[in-house]
Amino acid sequence: MELTKDTLIRDVLEFGDPEKIVEVLQKDFGMHCIGCALAHGETLEDAAAVHGVTPDVVIDAIKKVCEE
């Protein structure tokens, strides 16, 4: 499975340490989507748009924290 802009927010945690991923989403982007009811149907692209960032920036941050 590959992390893309079409990955659902709920599935993002499967790409590495869930705690680190949640921390990046919340602290770096203000995304508290993991606990949100929309997480089941919202993609990274959707969430990024709401928070005023490009999905690629979010994806890169998640990949970086997963490599640590």
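Report follows, based on the coordinates. (Residues numbered from 1 in each chain as written. Predicted model: local features only at pLDDT ≥ 70, side-chain atom pairs only at ≥ 80, totals over all residues. Heavy atoms only, no water.)

Section: the environment of cysteine 66
Okay, step 1: Residue placement: cysteine 66 occurs in helix α3 (residues 55-67).
Okay, step 2: Overall, cysteine 66 belongs to the partly exposed group, its relative accessible area being 29%.
Okay, step 3: In this structure the C-alpha to C-alpha distance between cysteine 66 and glycine 16, which are 50 residues apart in sequence, comes to 5.1 Å. (Helix = DSSP H or I, 4+ residues; strand = E, 2+ residues; numbered from the N terminus. Buried < 20%, exposed > 50% of the residue type's maximum accessible area, 1.4 Å probe, protein only.)

Observations concerning the pattern of salt bridges
Okay, step 1: Summed over the entire model, instances satisfying the criterion amount to 3 salt bridges.
Okay, step 2: Between arginine 10 and aspartate 11 there is a salt bridge; the shortest N-O distance is 3.5 Å.
Okay, step 3: In this structure arginine 10 comes out as partly exposed when scored by relative accessible area, which is 41%.
Okay, step 4: Between glutamate 23 and lysine 27 there is a salt bridge whose closest N-O contact spans 3.6 Å. Remark: lysine 27 and glutamate 23 occur in helix α1 (residues 18-29); sequence separation between them is 4 residues, near one turn of the helix.
Okay, step 5: Classification of lysine 27 as exposed rests on a relative accessible area of 65%. (Salt bridge = Lys/Arg side-chain N within 4 Å of Asp/Glu carboxyl O.)

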